[in-house]
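# A look at the structure
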Amino acid sequence: MATVSAILPNRNHAEELHISLAGLVNQSRPFDEIIIVDDASTDHSLDVIGKFRLKFPQIRLLQNGTQLGVPDTVNKGLFAASGDYVILASADEKIEPSMCSALMGCIEKYPQAQLVTSQFSEWEPTTSTTQTYGDDSPLGMWFVKDANPRFFSPANLSELSKKRFVWLSINTAMFKRAALLEAGGLHPELRWHSDWFAIYAVALRHGFCALREPLASFYYSPESYSARGMRNNRAQLDVMTNIQAMLHRKENTDLLAMAKKTPAMFSPFMRHMIPALAVRPRYYDMLGPILRWWVAEILHGKRALIPNRFLTSGKSPDR
């Protein structure tokens, strides 16, 4: 039987850990191991984690002596994991008890799948409300029409992207660990978009399985790591440049070729991607497909000529 590791990075989420850890340890199909990587927390996170470890021996704790940041902290857990499959959980999210079982059910139905993702939802702890995004949202799973999981090949993903933006939600995804390692894990230079790059790299290379069911609810905050980063224009432009540099690496020539066929994947941060490419002629081979896609979107009335806001308004999942 395939094994599954849950990787949970944490920095100063002592209060939220009561929710996220409770979700991880109370699965109907238990995770084979839960690896918590604490990024030099200064609150009482370690006390909370310690109490859970006394009751649940599958929890492993790794600690950073100094703060490493989100991508390096996740990678530490990824390299230490022993499972055939991994999920990258967040310390401040709400996880359904059926998550592991449902995602593994997709793998059993489609054993070729090296990535499974499910429907994106957000929760508001202060009101205890959850919002699941439907077909009318760019974050919705519009390409799956019923409760049955579906597998999409890389070619299928390319065809879907010609119709609409395909959002792949990482906070409710399961990866084949080998495929995520092949993609390089989370690249630190991509910062708050390192998880976005990882999930699309795996999907473009291997395809993905999609399940129209919310299995983990993302806690969005305007002060989260990703939201703050995306509001910083200079930093966001730098990250856009680093994404293109990553795609143009020799080992990623296959990803670059596929990205040119699926420029819609850049839709959530087009406002910064186009200016970043425009001043770097060495990346004009990517600028052309993106501009052609964007103009087509405008001509078909799907985008304003000078938009005031873009698809996710900074709602990039925060690891």
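We now turn to the structure provided with this report.

### What to know about the pattern of salt bridges
This structure, assessed with the given rule, holds ten salt bridges. For the salt bridge of Glu-189 with Arg-249, the shortest nitrogen-to-oxygen distance reads 2.9 Å. Here Glu-189, found in the loop between α6 (177–182) and α7 (194–206), pairs with Arg-249, found in the loop between α9 (233–247) and α10 (253–261); they are 60 residues apart in sequence, far enough to count as distant. By relative accessible area, which is 30% here, Glu-189 ends up partly exposed. For Arg-249, a relative accessible area of 33% gives the class partly exposed. One connected set of salt bridges, linked through shared partners, spans Asp-135, Lys-145 and Arg-212.

### A look at the side chain of Glu-122
If you trace the backbone, Glu-122 turns up in strand β6 (residues 115–124). Looking at Glu-122, the relative accessible area reads 9%, which means it is buried. Polar side-chain contacts of Glu-122 include one of 2.8 Å to the side chain of Tyr-133.

### Observations regarding the nonpolar core
Ranked by size, the top nonpolar core spans 70 residues in total, and within it Leu-88, Phe-143, Phe-175, Phe-208, Ile-243 and Phe-266 carry the most contacts. Take this core: its biggest share by element is nine residues, from α7. Residue contacts for Phe-266: discarding those within four places in its chain leaves Trp-196, Ile-243, Gln-244, Leu-247, Ala-259, Met-273, Met-286 and Ile-290. Grouped together as the second largest cluster of nonpolar side chains are 36 residues, Leu-21, Ala-89, Val-116 and Leu-215 included.

### As for the environment of Glu-96
Assignment of secondary structure puts Glu-96 in the loop between β5 (94–95) and α4 (99–109). In this structure, Glu-96 is in contact with Gln-27, Pro-214 and Leu-215, ignoring residues within four places of it in sequence.

### Regarding the pairing of strand β3 (residues 59–63)
Across five bridges, the pairing between strand β2 (residues 33–38) and β3 is parallel. Following the sheet pairing, Asp-38 is matched in β3 by Gln-63. A crossover links β2 with its parallel partner β3, the connecting element being helix α2 (residues 45–55), and its sense is right-handed.

### Topic: the environment of Lys-261
Tracing the sequence through the fold places Lys-261 in helix α10. Sequence separation between Lys-261 and Leu-139 is 122 residues; the distance between their C-alpha atoms is 20 Å.

### Quick word on α2
For α2, the complete set of buried residues consists of Ser-45, Val-48, Ile-49 and Phe-52. An end-on view of α2 places all buried positions within 95° of arc, on one side of the element. For α2, the exposed residues lying more than 90 degrees away from the buried face are Asp-47, Lys-51 and Leu-54. Those residues of α2 that are buried lie in contact with β1 (4–10), α1 (14–25), β2 and β3.

### Digging into unusual backbone geometry
For Ala-40, which is not glycine, the phi torsion reads 55° and is therefore positive. Along the polypeptide, Ala-40 turns up in the loop between β2 and α2. In this model, Arg-191 sits at a positive phi of 50°, which is unusual for a non-glycine residue. By the secondary structure assignment, Arg-191 is in the loop between α6 and α7. Its relative accessible area of 38% is what places Arg-191 among the partly exposed residues.

### A closer look at the pairing of strand β9 (residues 173–176)
Pairing analysis gives two bridges linking strand β4 (residues 85–88) to β9, with the strands arranged antiparallel. Bridging across to β9, Val-86 finds its partner in Phe-175. Pairing analysis gives three bridges linking β6 to β9, with the strands arranged antiparallel. Within β9, the position partnered with Leu-115 by the bridge is Phe-175.

### Examining the packing of aromatic side chains
Tallied over the full model, the rule gives 17 aromatic pairs. On the basis of an interplanar angle of 50° and a centroid distance of 5.8 Å, the ring pair of Trp-196 and Phe-266 is categorised as tilted. In this pair, Trp-196 sits in helix α7 while Phe-266 sits in the loop between α10 and α11 (270–278), placing the two residues 70 residues apart along the sequence. By relative accessible area, which is 6% here, Trp-196 ends up buried. Take Phe-266: its relative accessible area is 0%, and that puts it in the buried class. Judged by centre distance (4.9 Å) and plane angle (80°), the ring pair of Trp-196 and Phe-269 falls under edge-to-face. In this pair, Trp-196 is assigned in helix α7 and Phe-269 in the loop between α10 and α11, connecting sequence segments 73 residues apart. Taken together, the aromatic side chains of Phe-120, Tyr-133, Phe-165, Trp-167 and Phe-218 make up a single cluster linked through ring pairs.

About the criteria used
- Residues numbered from 1 in each chain as written.
- Predicted model: local features only at pLDDT ≥ 70, side-chain atom pairs only at ≥ 80, totals over all residues.
- Heavy atoms only, no water.
- Salt bridge = Lys/Arg side-chain N within 4 Å of Asp/Glu carboxyl O.
- Helix = DSSP H or I, 4+ residues; strand = E, 2+ residues; numbered from the N terminus.
- Buried < 20%, exposed > 50% of the residue type's maximum accessible area, 1.4 Å probe, protein only.
- Polar contact = N/O pair within 3.5 Å; in protein donor to acceptor, adjacent residues only side chain to side chain.
- Core = buried A, V, L, I, M, F, W, Y, C linked by side-chain atoms within 4.5 Å.
- Contact = heavy atoms within 4.5 Å.
- Pairing = 2+ DSSP bridges.
- Right-handed = clockwise from strand over helix to strand, strands pointing away.
- Arc of directions from axis to C-beta.
- Phe/Tyr/Trp six-rings, centres within 6.5 Å; stacked < 30°, edge-to-face > 60°.

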